[in-house]
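# A closer look at the structure
Residues per chain, in single letters:
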Amino acid sequence: MVAMRNATDNARGLVDDLTLMYNKARQESITKELLDITGGVAALAD
């Protein structure tokens, strides 16, 4: 039972870490897209 509990805890920790990495990558992608859009708008306004 202890081994199963440890494995479950480790799996939850891994899922949390991977979720955080995914969210950071997603946020970075969204930020880059927004910068591209605002850069395009600024170029058209000149």
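Here's a quick rundown of the structure. Model, not experiment: these values are computed from the prediction. (Residues numbered from 1 in each chain as written. Predicted model: local features only at pLDDT ≥ 70, side-chain atom pairs only at ≥ 80, totals over all residues. Heavy atoms only, no water.)

### Quick word on the overall build of the chain
The helix and strand inventory of the chain stands at one helix and zero strands. Put simply, the chain shows about 4400 Å² of open surface, and 63% of that area lies on carbon and sulfur atoms. Looking at the chain, you have 5 positive and 7 negative side-chain charges, and the mean spots of the two groups are 11 Å apart. (Helix = DSSP H or I, 4+ residues; strand = E, 2+ residues; numbered from the N terminus. Areas by Shrake-Rupley, 256 points an atom, 1.4 Å probe, with all protein chains shown as cover. Lys, Arg positive; Asp, Glu negative; His and termini not counted. Charge placed at Lys NZ, Arg CZ, Asp CG, Glu CD.)

### Remarks on the pattern of salt bridges
Inspection of the entire model under this criterion finds one salt bridge. A salt bridge links Glu28 to Lys32, with the shortest nitrogen-to-oxygen separation between them at 3.3 Å. One end of the pair, Glu28, and the other, Lys32, are both in helix α1 (residues 2–45), four residues apart, so they sit about a helical turn from each other. Taking relative accessible area as the criterion, Glu28 reaches 46% and is therefore assigned partly exposed. (Salt bridge = Lys/Arg side-chain N within 4 Å of Asp/Glu carboxyl O. Buried < 20%, exposed > 50% of the residue type's maximum accessible area, 1.4 Å probe, protein only.)

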